[in-house]
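# Inside the fold
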Amino acid sequence: MTDDAPELRASDADRERVAEVLRDALAEGRLDMTEFEERLEATYNARTYGELAPITRDLPVGEVAAAPRVSMTKEPARSGGWAGRITGGEGSSTWAVAVMSGFQRKGRWTVPRRFNSFAFWGGGDIDLREADFAAGEVVINCVAIMGGMNVIVPPGVEVVVRGIGFMGGFDHREEGVPGDPGAPRVVVTGFAFWGGVGVERKVTRAERQRLKEERRQEKLERKAAQRELRSSVRDDAADAHRRMLEGHRDLVREHHEARREQRELRREDRDRRRRGED
């Protein structure tokens, strides 16, 4: 497939698939450490499918790294709720190794029933926020020797930590938080020697953006309500002031009319007296 479109730009996911093939080849003894490091560096420097293809061409599973055909249709949207994310079957990636290097598992991938990871003088990130799950309970087994790993879970997932640390440790802060109904259970186990395994709970970037937009909308609505309240108060004050002025004008008008009537009465009285004198 790479020959069909060698000039197409490769994505981070494409480079990660090639890196996975290289790690498998290292673990099986097909590559020594020098070859592995050279090819891994070439993988992360590759920009096109044509540059990625030769890196795994001589390996038994080199076809995994071939460039996918570009689809003009979007994938169907993921069904909502946890039920749509517990898919059964096998995981898309079952293990990861970092020897004086690093690894990442993130984005859309399927977590197997047991995922094994090993880090020696290196580290790795296992991000489950956008992942599907092969079962309702999955085990993330982490072995960290003078290295570290970080397991990131989404809100709603129950976490159980059973790892053992020797001059190292496992993070238990997310343990004991009840999971959502139907959500998977993630068991973090393994061994840490002069290293550590962290567990943290985070929302996805899309969810964080949605929450940010909701907070912004709520802030705008509060400001609009405050403006409306201030406008209403101003209107009420203006009405009260207007009524006060109208009442004052009525009093002045009545006072003037009363004085005018008194002047007319005095004038009529004077006129009667004059007529009587005549």
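Residues numbered from 1 in each chain as written. Predicted model: local features only at pLDDT ≥ 70, side-chain atom pairs only at ≥ 80, totals over all residues. Heavy atoms only, no water.

## Section: the layout of surface pockets
Put simply, the test is: A cavity, in this analysis, means grid points on a 1 Å lattice covering only the protein atoms where a 1.4 Å probe fits yet has no way out; a pocket is instead an open set bounded by protein on both sides within 12 Å along at least five of seven lines, and a residue lines either one if it has an atom within 4 Å of a point. Grid points are joined across faces, edges and corners, and a volume is the space filled by probe spheres set on the points. Only Asp, Glu, Lys and Arg are considered charged, only Ala, Val, Leu, Ile, Met, Phe, Trp, Tyr, Cys and Pro nonpolar, and every remaining residue, Gly among them, polar.
The calculated volume of the largest pocket comes to roughly 900 Å³. Along the walls of the largest pocket sit 25 residues, with A13, E16, R17, K106 and R108 positioned nearest its centre. Within the lining of the largest pocket, the residues separate by chemical class into seven nonpolar, six polar and twelve charged.

## Things to note about the packing of helix α1 (residues 12-28) against helix α2 (residues 33-45)
The cut-off we apply is this: Only the stretch in contact is used when a helix axis is fitted, and all axes are lines through C-alpha atoms; the angle between N-to-C directions ranges over 0 to 180 degrees. What counts as a helix is a DSSP run of H or I of at least four residues, what counts as a strand is a run of E of at least two, and both are numbered from the N terminus. Oblique is the label for any angle not under 35 degrees, not over 145, and not in the 65 to 115 range, which are roughly parallel, roughly antiparallel and roughly perpendicular in turn. By the convention used here, residues are in contact when the closest approach between their heavy atoms is within 4.5 Å.
Between α1 and α2, the least distance of the axes is 9 Å, while the angle of their chain directions is 175°. When the axes of α1 and α2 are compared, the pair comes out roughly antiparallel. Contact residues: R15, E16, V18, A19, L22, R23 and L26 in α1; M33, F36, R39, L40, T43 and Y44 in α2. Considered class by class, the residues forming the contact of α1 with α2 number eight nonpolar, one polar and four charged.

## A word on the nonpolar core
Quick note on the threshold: For the purposes of this section, nonpolar cores are sets of buried Ala, Val, Leu, Ile, Met, Phe, Trp, Tyr and Cys residues that join through side-chain atoms within 4.5 Å. For each residue, the accessible area found with a 1.4 Å probe, counting protein chains only, is set against the maximum for its type, and the residue is called buried under 20%, exposed over 50%, and partly exposed in between.
V111, I126, L128, I140, V151, V186 and V188 are the most contacted members of the largest nonpolar core, which has 29 residues in total. If you list the elements that add at least two residues to this core, you get β1 (95-99), β4 (114-120), β7 (137-145), β8 (148-153), β9 (158-161), β12 (185-193) and β13 (196-201). Here this core takes four residues from β7, the largest share from any one element. Here V151 is in contact with I126, L128, I140, C142, V188, V197, G198, V199 and E200, once residues within four sequence places are set aside. Core analysis: the next-biggest nonpolar cluster, separate from the first, contains 15 residues, A10, A19, A25 and L26 among them.

## Re the packing of aromatic side chains
Test applied: Aromatic rings from Phe, Tyr and Trp, with only the six-membered ring used for Trp, were paired whenever their centres fell within 6.5 Å, and each pair was classed as stacked if the ring planes differed by under 30 degrees, edge-to-face if by over 60, and tilted otherwise.
Per the stated rule, a full pass over the model turns up four aromatic pairs. Ring geometry for F120 against W121: centres 5.7 Å apart, planes inclined by 0°, an arrangement best described as stacked. With a relative accessible area of 28%, F120 lands in the partly exposed category. A ring pair is formed by F166 and F193, whose centres lie 5.7 Å apart and whose planes are at 10°; its orientation type is stacked. Of this pair, F166 sits in strand β10 (residues 164-166) while F193 sits in strand β12; the two residues are 27 residues apart in sequence, bridging distant segments of the chain. Judged by its relative accessible area of 46%, F166 is partly exposed.

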